[in-house]
Amino acid sequence: MNHNQQSNEVRHDDENALSDFLASLTDYTPTIPDELVEHYLAKSGFQCPDVRLTRLVAVAAQKFVSDIAIDALQHCKARQATVVRDKKDKQQRDKRLIMNMEDLSKALQEYGVNVKHQEYFADNPSAGLESASRDE
């Protein structure tokens, strides 16, 4: 077998794998609804009647969000591990992970998304709550 025949076989296998994957998207229901993906695709100037392409974008977006969440969780674990070393007795009983905006910001920054958020200062604990919830 020469190099061209091997190259053609690899290309054929790749095309078959891609065709199978696209066919599987027809029956797949992604976490992000098709309507939402179509809205943002149309907003960016892209329109395609093929639902498989819409679902491919939804799967890619889902993967992106999942990767960010996993990275933010790792930042949270690292941050809380340093707190446990500082306050071993008190924190060792409470093993809950509490993710904050700092963890999410660090994870997003790794993907080139810079998040700037203002610090929130309250005069009292009920500041910022709706008046209906304070009356209850």
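All values reported here derive from a predicted model rather than from experimental measurement. (Residues numbered from 1 in each chain as written. Predicted model: local features only at pLDDT ≥ 70, side-chain atom pairs only at ≥ 80, totals over all residues. Heavy atoms only, no water.)

## Quick notes on a negative patch on the surface
On the surface, Glu9, Asp13, Asp14 and Glu15 cluster together to form a negatively charged patch. Tracing the backbone shows Asp14 in helix 1 (residues 3-27). (Patch = residues over 30% accessible without salt bridge, like charges linked within 9 Å, V, L, I, M, F, W, Y side chains within 5 Å. Areas by Shrake-Rupley, 256 points an atom, 1.4 Å probe, with all protein chains shown as cover. Salt bridge = Lys/Arg side-chain N within 4 Å of Asp/Glu carboxyl O. Lys, Arg positive; Asp, Glu negative; His and termini not counted. Charge placed at Lys NZ, Arg CZ, Asp CG, Glu CD. Helix = DSSP H or I, 4+ residues; strand = E, 2+ residues; numbered from the N terminus.)

## Some thoughts on the environment of Phe64
Mapped onto the secondary structure, Phe64 falls in helix 3 (residues 51-86). With 47 residues separating them in the primary sequence, Phe64 and Tyr111 have C-alpha atoms 9.2 Å apart.

## Considering helix 5 (residues 101-110)
Residues that lie three or four places apart on an α-helix share one face, since the helix turns once every 3.6 residues. Within the sequence span of helix 5, burial applies to Asp103, Ser105, Ala107 and Leu108. Of the residues that open helix 5, the one with a side-chain oxygen 3.0 Å from the backbone nitrogen of Glu102 is Asn100. Of the residues flanking the end of helix 5, it is Gly112, one or two places downstream, whose phi is positive at about 85°. (Buried < 20%, exposed > 50% of the residue type's maximum accessible area, 1.4 Å probe, protein only. Polar contact = N/O pair within 3.5 Å; in protein donor to acceptor, adjacent residues only side chain to side chain.)

## Here's the deal with the side chain of Gln80
Considering the arrangement of structural elements, one finds Gln80 in helix 3. Side-chain polar atoms of Gln80 contact the backbone oxygen of Ile98, separated by 3.4 Å. Residues in contact with Gln80, not counting those within four places in the same chain, are Arg96, Leu97 and Ile98. (Contact = heavy atoms within 4.5 Å.)

## Considering the pattern of salt bridges
The tally for this structure, following the rule as stated, stands at 5 salt bridges. Asp34 is the salt-bridge partner of Arg55, the closest N and O atoms lying 3.1 Å from each other. On the criterion of sequence distance, the pair formed by Arg55 in helix 3 and Asp34 in helix 2 (residues 34-43) is long-range, its members being 21 residues apart. Like Arg55, the residue Asp34 is buried in the burial classification. Note that Asp50 and Arg52 form a salt bridge whose closest N and O atoms lie 2.9 Å from each other. A relative accessible area of 27% places Asp50 in the partly exposed class. The class of Arg52 is partly exposed, set by a relative accessible area of 28%.

## Some points on helix 2
When helix 2 is considered as a whole, its buried residues turn out to be Asp34, Val37 and Leu41. The buried side chains of helix 2 occupy one side of the element, clustering within an arc of 65° when seen end-on. Residues Glu35 and Lys43 are exposed on helix 2 and point more than 90 degrees away from its buried face. Immediately beyond the C-terminal end of helix 2, within one or two residues, lies Gly45, with a positive phi of roughly 95°. (Arc of directions from axis to C-beta.)

## Here we look at the side chain of Ser105
Its location among the elements puts Ser105 in helix 5. Residues in contact with Ser105, not counting those within four places in the same chain, are Val115 and His117.

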